[in-house]
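Structural description and commentary
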Amino acid sequence: MNLFHSNSSSNHYLCGLMKKIAITGGAGFIGSHVVRLFVNKYPDYQIVNIDALTYAGNLENLKDIEKNTNYVFEHVDITDERKTEHLFVKHQFDGVIHLAAESHVDRSITDPLSFIKTNVMGTANLLQSSRKIWGDAYSGKRFYHVSTDEVYGSLGDTGFFTEATPYDPKSPYSSSKAASDHLVRAYGNTYKLPFVISNCSNNYGPNQFPEKLIPLCIHNIKNNKPLPIYGEGKNIRDWLYVEDHAKAIDLIFHNSENGKTYNIGGHNEYQNIDLVKTLCTLMDQKLGREKGSSEKLITFVKDRAGHDMRYAIDASKVAEELGWTPSLVFETGLEKTIDWYLKNTEWLKSVTSGQYQDYYKTQYSESI
Ligand code: NAD
Ligand code: DAU
């Protein structure tokens, strides 16, 4: 079934009416890639980017498409119930793709309440507002919640997260995302709200805020600063290039049945220490440095509290049912990412001044 796409015979908007899609968190890392994909690929859609522009939101991420006639930006905080509802009444969205969230695990350890506010209450507001405008007329409507593999907890040396893995979140961030997943399913069960959820592994690529491991290390290598590795660096993440995630979201949004969950992952597990060493090697080549010089910056620091050991996704369901597989091999994706950060010096400079310096001092000063 193709719910939204205009080629679909099941689509009741075929009469040429514009489809209005709200994308929350569209000024952030993944959200900006999703907005760009939808704005360019679906000129007959109106894409409304709803974002509060927190430290992680940056309209520079969307400079190339901001003047497109099918793109609108709404500066709204989804924790504001009244303003959120007003926006839904004003635009009468046909679909919602919800990415807005507090997303950094370390910040959730120092400030859990802001995660509960945005990720739980913000999601609840969006669900309420969707019900408000849709009433019981759900045909052709869809609420898509973009979630994380961290809701499943942490794996040992073997095994993978499947869609049937029980929830076992372990950080304030992952618990707040798990709570929001539960809320979405509860609205599906209780009010028959048409929803779909995807749980994805670690993304990397252009426009990621340099608090996350890969852009933080690229920035520090460039500036010859220490590379902080938590614990022994043996924790494992499953990395996926952000544009591949955006393509999966597009596919799932348009082709999933209601009420389904899909896991999305790169089948690309790396221990943090090996990943950072690979980055060092690639950066030495790009910067014309002597082989091995960036590796000397690696500094083992105090571990993250409650640090999940390993994430690994079984993405066979989305592959078999919807034909999605990652397109990029990791080294190619890393090179594209490094090249983007080395080229976009102004972007990097602007996001690493001011507030970022304070955050960095608080987060790392004890260790480096
Ligand atoms: P991000 O932190 O880069 O961006 C989050 C965006 O949400 C920002 O633009 C921010 O301004 C906005 N936002 C935050 N609070 C808001 C509020 N109260 N109201 C409106 N907007 C608000 O995050 P990201 O890494 O792009 O992640 C996007 C989504 O994908 C999140 O829901 C996250 O849980 C999920 N996810 C992320 C990853 C990953 O590796 N980054 C993996 C799986 C799932
Ligand atoms: O798995 C999906 C999740 O991936 C998303 O839901 C989150 O929004 C996203 O932030 C990411 O969470 P992680 O905690 O896995 O990502 P992060 O880049 O913060 O850390 C990756 C690994 O690197 C993790 O094991 C912690 C470690 N790390 C991180 C930082 C910032 C370090 O060793 N040193 C660091 O300075």
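Look above for the structure.
Here's what I pulled together on the structure shown here. Remember, predicted model here, so these are calculated numbers, not experimental data.

1. Thoughts on the pattern of salt bridges
What the rule picks out here adds up to 18 salt bridges. Lys63 is the partner of Glu66 in a salt bridge, and the nearest nitrogen-oxygen pair spans 3.1 Å. Since its relative accessible area comes to 29%, Glu66 is described here as partly exposed. Here Glu269 makes a salt bridge to Arg310, at a shortest N to O gap of 2.7 Å.

2. Considerations on helix H12 (residues 355–364)
The periodicity of an α-helix, 3.6 residues per turn, causes residues three or four positions apart to be oriented the same way. Burial in H12 covers these residues: Tyr356, Tyr359, Tyr360 and Tyr364. One side of H12 holds all its buried residues, which, seen down the axis, span an arc of 100 degrees. For H12, the exposed residues lying more than 90 degrees away from the buried face are Gln355, Lys361 and Thr362. Among the structural elements, helix H3 (105–110), helix H6 (213–222), strand E8 (227–230) and helix H11 (345–351) are those in contact with the buried residues of H12.

3. Things to note about the site of ligand 1
In the vicinity of ligand 1, 29 residues are found, and the nearest of them are Ile30, Asp51, Ser103, Tyr173 and Lys177. Within the contact set of ligand 1, a nitrogen atom lies 3.1 Å away from a backbone nitrogen or oxygen of Ala52. Within the side chain of Ser103, an N or O atom sits 2.6 Å from an oxygen atom of ligand 1. Contact with the protein chains covers 96% of the free accessible surface of ligand 1, which is 840 Å². Of all the secondary structure elements, the ones that give two or more residues to the shell around ligand 1 are helix H1 (29–41), strand E5 (142–148), helix H5 (172–191) and strand E7 (202–204). It is E5 that contributes the most residues to the shell around ligand 1, 3 residues altogether. Looking at the shell around ligand 1 residue by residue, the class counts come to 14 nonpolar, 12 polar and 3 charged.

The rules we used
Residues numbered from 1 in each chain as written. Chains lettered and ligands numbered in written order. Predicted model: local features only at pLDDT ≥ 70, side-chain atom pairs only at ≥ 80, totals over all residues. Heavy atoms only, no water. Salt bridge = Lys/Arg side-chain N within 4 Å of Asp/Glu carboxyl O. Buried < 20%, exposed > 50% of the residue type's maximum accessible area, 1.4 Å probe, protein only. Helix = DSSP H or I, 4+ residues; strand = E, 2+ residues; numbered from the N terminus. Arc of directions from axis to C-beta. Contact = heavy atoms within 4.5 Å. Near = heavy atom within 4 Å. Polar contact = N/O pair within 3.5 Å; in protein donor to acceptor, adjacent residues only side chain to side chain. Areas by Shrake-Rupley, 256 points an atom, 1.4 Å probe, with all protein chains shown as cover. Nonpolar A, V, L, I, M, F, W, Y, C, P; charged D, E, K, R; others polar.

On their own, these measurements won't tell you what the molecule is for.
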